[in-house]
Every structure is written in structure tokens, then in C-alpha cells.
Amino acid sequence: FNNGGPTARKKIALNLNVQTNNFKNKNKVSIQEQRRKLPIFEKRNKLLELIRRHNTLIILGETGSGKTTQIPQYINSARLQNNGKIGITQPRRVAAISVAMRVAQEVGDAVGVGETVGYTVRFEDVTSPRTKIKYLTDGMLLREAMVDNLLMEYTFIILDEAHERTIHTDVLFGIVKQAQKAREEKKLRPLKILIMSATMDVDHFSDYFNNCRAVYLEGRTYPVNVYYTLTTHEDYQTACVATFFKIHQQAPWDHDVLIFLTGQEEIEAVAQQIRILSRDPDVAGPSVKVCPLYASQPTTQQITVFQPAPENTRKVIIATNVAETSITISGIRYVIDSGMVKARTYHPATGLDMLKVQRISQEQSWQRTGRAGREAEGYCYRIYTRSQYEHMQKSTIPEIQRANLSIVVIQLLALGIHAASFDFMDKPPKDSILAAFEQLKLLGAVETVDSRTLTTLGKKMVQFPLDPRFSKILLSAQEYGCLEEILTIVSLLSGESIFLNPSSKREQAMTSRQKFLSPYGDHITLLNAFRVYNNLGSNSQRSWCHEHYLNMRNMSYAAQVRTQLLEVCQRLKLPIVSCGNDTEPVRKCLLAGLFMNVAELHKEKQYITLDKRQVVNIHPSSVIHGQQPQFVLFTEVVQTSKCYLRGLTTIESQWLYDIVPDYARSHIRFNKDI
Ligand code: ADP
Ligand code: MG
């Protein structure tokens, strides 16, 4: 901090409605005792009564009050679900998994998760026919709805974290509402709907769900002291680290710290910095236990986040927005809020879906602040100025109003619904729906923009839990004879990057990977890396990844995804063939799905996207950074100071004419005007 640390510009006492459960207590309290201490426990009977009485109910309660973990168990032990399942949706896989594991423990099944309590997330299904309480991502429930739109397996659907308003949750609202009504009309067993959140616009939700009743779970409150920085900080990561060490040198060792950052790469970098600095003999303070927390983490690592640190050790959790409301960790007394979040945003004007680090909303900033005051008075350091706070949006815009809708449109079509006539809680812009239809038409999934049905190809596309462009690539592989290769590439693109690029060792990292870097770009490079990895014995995989600065975890996740996608391909009877070392079929095949993601060299290092004539640059992390191929296709756009393309493959313009002649004729312009 330039000004000698954050200054108390304003102290705000938060009225957070949280009870003093789990006060940091390093003595073991039994798991059942912990359950009884939750604020929700004394409301149990009243809640069950309301749930019996109402078919749809909104339940509001502060983060950590016990909604997600307890309510399904209450329903289960009162046997309200009546032989059906209780499905609880979560916007994020990391939350679905970690909550299911916790609840399995609470239920006390000897085999653990996968029996009475299970979870289903993309590429992973840990349930059994005996599962009663099933946590699943909203995207997975939507996929189940495509098989059975009445969701007959369930007698309860709990739409959790409803305030997050992810695309899938918004679609689910309509699907579940419709299923409830249809089951009533057909006199099938009733479907009960619970909508839960820590924070939401109750009136808006109640209006949409036929004026349903809302209940509030009350609890105790603790004030949180909020500090703003005096000046703005471009480099918020460094500011977070500096703030951490200021706290670290003064606060008692058992006051844990939670830092909010945006994604895996950033979180790992800050974690490493804190580990190194905390070992420096010149830095005062107790030992430090660093716990990263983000989406694509292995489950074993997620559990350590909940374990108290040993004596004389401070725990610091470095998390994405998953720790805002989805996952509660006890012991936190300090929050450091970078004020940033990574979000996917679609710009109809540019035609690009971007993963962009952006400012959070005021609502999110208060949720983050609240994490410091669950058990006692806490402190929140905001790495932004008061004026920056005032300029934040009040609340987060629903994703459906800012993201590429092609996946929503195709899923609704699989259910026989045209997105324009769907009962959305908040309608997405007409232009976005139209753009999605146009994209699907170009991909061959629909015949016209008014279609209410999918083409044969479209029906195959929805079998994959992927963006339609990637499903199209997999389905095109037959024609190019390269399904083996394409399966690998698509799997690797479905998780986080396998490449580690520590800023201090960028050169070494690049040199170590020389053997499999491809002049044809990042996707072929990914393929080469995976091939070597896959041919190694499991004993040598770890050291090989380490030597080549590759993330072993993400690599094995990709292998797991590949198995799942392979199963879908086999079900669709696609021939699993390889094109060997020839890269051309692979590159053409990628183009068959990603022709809308092509850029042409414009002038010195600058590219223009063919689709919307947007000026872009090649990201420095790309293997073809520094070269200037005439045409490239890309899989990601990131906006920092400039607009960058990441994940590139070199292509030839002729291929575009061969694959999508009409599109090529109307988009390749020989003058280089923007
Ligand atoms: P809510 O959904 O209302 O935010 P939860 O049901 O998620 O609350 O959490 C209730 C309590 O259970 C919290 O105090 C939390 O600390 C604890 N808890 C949840 N998951 C775990 C876990 N994996 N390990 C230990 N405690 C947990
Ligand atoms: Mg919850």
C-alpha cells in the first residue's frame, strides 16, 4: 500500500443476521453437535410445516445458517420426499461436491458420498439408485430435464443460490415451474419447489413463482469494520499480498484470513507469493497455512480448506467468488476483497464471448464483507476506494442478459421450446436470441431462426455437455478421420489450462516444452503434450509434468473428461479413428465448429476478427506469439488493457471456403479495412 496501509475511512456495522455457531474452537465438537448449533436447527419444525403446506417456497437466510446442508436432511428425515429424490442445484461444481461430501458425513453413511447423499456435476456422477439427497450443478439438472421434462425422479427440487442467476438457473426456473404445473394437471405425484438464497429480490422471485410465500431465517449479527484504500490499485494482486502481511503481523494467530481473487492462475500465483514471503525470516508473525479454493480443484484439496490450522498457524484462504455465499468456512475474521471477479460476457455487438476480469457489484462486495463477521466482530479490507465502490453496479446483471445464448437456445429446442416464447424470469435481449439462432443455423443445428425443432445434426449436438460449437467439432471429426485427436483437444479445452506460466520462470517453462510446441499453434501443442503424458506410466507422470511446468491436476481432469466424451461418441456410433501426425485434418475439423472465431492479420501484429471486424492481438502466452500467420482461429478472448486472443491454431483461408462457403464469401474481405 502506497499510503502506509488502508485507512479507516468509514466503519460500517453490518446487520448480518448470523448466529454465533462454530466459534473458532480448536477443540473437537461432534458433527451432530455442530448441526444442532446451527441457527436453522430451532426452526426445523416450523420450516417442515411450511414445506408441507406450500408447493413452492422461498427460503432466505444468511450464508452459513445451514440452508444448503440442513434443509435436505430435514426433509429426508421427515420422509417428506415420499420415495422420490431431493435435488439441490448449485451454480458451481466445487460447491456441489464439497457440500455433498459434508452432508454425506453428517448423514453418517459408512461408504460416504454416493449413497444416501450424492452429487452429479459435468463429467462426474457420484450417486447410486439409493441416493435420496442429490446435489447437482444447475447445468446437470437441465440436462436431466432434456431426458425427462417432468423430472419425475424428484419430489423436491431445491434451487439454491438463486440470486446468482446463472444462465442455467434462469432456464431451470422456467423448466421446473412448468414441470410442477404439468404434473399437477396430469395428476402425477406433485413436485415441490424450494428457492433458496442469502440475498435476493424476494418480490421479483415471488411474482414469478405464482406469488409464493417467503420465509426468513433469522440469526445473530456481528459488526464488520470496513476499510477502503485511499488510492486506486491497478495491481490488486500485490495489494492483496501486502494487505495480508500487514494483518498477519498484528492479528492473533487464530484469526483466519479470506482473500477474494478471480481465478485459478491468479490464486495459485498469490498463494505461492504468500508461502514464500511467510517463510522469510524478516517477516514477523506465526506460520501460515495457505488454502486455495477454486472451481477445478481436486476434492482432496478442497477438504483441507475446512480443517482448522494447527496451533500457532494462521490459515489464509484464497478463493474465487465461490466463497461469497456457496461455501462457508469457519474461523474467518479478516476479509481482503480485491473487488474483482472473472465473468463470462457476451457482446452481441462484437459477437465475442469473453472471459473477463471485472468489477464486482455492490451486493457482492457486501456478501464478501459479511464473511468476516459470522462468528465475531471482523474486518474487511477493500482493495478499492470508496469512490470506486460507489461506481459499482448495485447488483449483478443476470447472466442470461449478458452471455452467448446458443447453449440455452439449443437446450430449449431439445425440449421443443422456442427461446422467444419461453417463460423467463427476465427476458434476454431479442438480439441475443436471434444471434444464437443464427449461430446455430450456421452450425447446422436448426434450419431457420424460427425453428422449433432441431435438425438431425442438432439432436446429436445436444448429446454432448458442451457449447454447440465444440459438439459440432466432435461430430465433424468423422469426416476428417481425427476423432482421437479432437477428443483430446476438446477435453483439454473443457478444463483449466494445463500450462503453468510462473512469471519468474516463463523462459524456463517455454524451453522445457520446446519438444512439443507446435508451429501450428496452441491446440496442436496441447495435443502433443497430452500424447506424451498419456504414454507415460502413472509413476512418471507427476515428475514429467513438474519438469515441463504442466499442471498435473488439470491434465488428469482432461483425461477424465475424455473418457466421458468418448462414451457419448460411442453411443452415437462415431468411428474412433486417428489421423496420426498429420495436423491438417485436426485444424480443419476445429474450423468446422469455430469458423466464427477466425481472425485475419491486419497490420503489424494486429488482427481483425472476420465475424465482427474487431481489432485483436495475439496473447503473449500463445505459442504463435511473435509469428504472424495470415489466418488464425481462436478459442478464447481475454480483455485486459487490450483485447487478446488465446488458444490459437493457424488455418488457411481456402479451408474456410471449403467448409462454410457462404460464410467465407461474406466475411473474408480482401481490403483490410476495419
Ligand atoms: P448456507 O447454505 O445457509 O449458507 P450451509 O448449509 O452451507 O449454510 O452451511 C452450514 C454450516 O456448515 C456452516 O457453518 C459451515 O461452516 C458448515 N459446513 C459446510 N460445509 C462444511 C464442510 N465441508 N466442512 C465443515 N463444515 C462445513
Ligand atoms: Mg448455501
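What you see is a predicted model, and the numbers here were worked out from it, not measured in a lab. (Residues numbered from 1 in each chain as written. Chains lettered and ligands numbered in written order. Predicted model: local features only at pLDDT ≥ 70, side-chain atom pairs only at ≥ 80, totals over all residues.)

Asks: Is there a simple way to think about the sheet that holds strand β1 (residues 56–61) in this case?
Replies: Paired through their backbone hydrogen bonds, the strands of a sheet run either parallel or antiparallel. In space, the eight strands of this open sheet follow the order β4-β3-β5-β2-β6-β7-β1-β8, with mixed pairing throughout. Each of the sheet's edge strands pairs with one partner strand only, and the pair in question is β4 (124–126) and β8 (213–217). Sheet twist, expressed as the average angle between the axes of neighbouring strands with direction ignored, equals 20°. Across four bridges, the pairing between strand β3 (residues 117–121) and strand β5 (residues 133–137) is parallel. Residue pairing for β5: Thr120 is matched across the bridge by Leu136. (Pairing = 2+ DSSP bridges. Helix = DSSP H or I, 4+ residues; strand = E, 2+ residues; numbered from the N terminus. Axes fitted to C-alpha atoms, helices over the stretch in contact; angles between N-to-C directions.)

Asks: What is the right way to read the site of ligand 1 from this model?
Replies: Neighbouring residues of ligand 1: 17 residues in total, closest Lys67, Thr68, Thr69, Arg102 and Phe306. Looking at the shell around ligand 1, the elements that each hand over two or more residues are α3 (67–77) and α4 (93–107). Here the shell around ligand 1 gets four residues from one element, more than from any other, and that element is α3. A per-class count over the shell around ligand 1 returns two nonpolar, 13 polar and two charged. (Near = placed C-beta within 6 Å. Nonpolar A, V, L, I, M, F, W, Y, C, P; charged D, E, K, R; others polar.)

Asks: What's the story with the pairing of β5 in this structure? I'm lost.
Replies: A regular strand places its side chains on the two faces of the sheet in alternate fashion. Among the five residues of β5, five are classified as buried, and the element is accordingly described as predominantly covered. Relative to β5, strand β2 (residues 85–90) runs parallel, the two being bridged by five bridges. Paired with Gly87 across the bridge in β5 is Lys134. (Buried ≥ 20, exposed ≤ 12 C-beta atoms within 10 Å, placed from the backbone.)

Asks: Quick question: what am I supposed to make of the UniProt feature "domain: Helicase ATP-binding" (unreviewed entry) in the protein here?
Replies: When the UniProt feature table is mapped to this numbering, "domain: Helicase ATP-binding" (unreviewed entry) covers residues 48–218. Between the C-alpha atoms that bound residues 48–218 the distance is 16 Å, and the span itself is 40% helix and 25% strand. (UniProt positions renumbered as here; feature names shortened; annotations may be inferred.)

Asks: When you look at the nonpolar core in this model, what are you seeing that I'm missing?
Replies: One broad trend across soluble globular proteins is that nonpolar side chains are buried collectively. Among the nonpolar cores identified, the biggest contains 183 residues, and Ala100, Cys240, Ile259, Ile318, Val409, Leu474 and Ile486 are the most heavily contacted of them. The dominant element in this core, judged by the number of residues it contributes, is α4, at nine residues. Setting aside anything within four residues of it in sequence, one finds Ile486 in contact with Ile473, Leu474, Ala477, Val586 and Cys589. (Core = buried A, V, L, I, M, F, W, Y, C linked by C-beta atoms within 7 Å. Contact = placed C-beta atoms within 7 Å.)

Asks: What is the right way to look at the confidence of the model for the protein in this model?
Replies: The predicted coordinates of low-pLDDT regions are not to be read in fine detail. Looking at the protein as a whole, the pLDDT averages 89, with 92% of positions reaching at least 70. Note that residues 1–27 has pLDDT below 50 and, in this model, 69 contacts with residues that lie over four places away or in other chains. Our summary of model confidence lists the complex with pTM equal to 0.84 and ipTM equal to 0.98. (pLDDT = per-residue confidence, 0-100.)

Asks: Which parts of the structure should I look at to understand the environment of Leu413?
Replies: Structurally, the position occupied by Leu413 is in helix α14 (residues 406–414). Judged by local crowding, Leu413 falls into the buried class, with 23 C-beta atoms found within 10 Å. Between the C-alpha atom of Leu413 and that of Ala445, which follows or precedes it by 32 residues, the distance is 9.9 Å.

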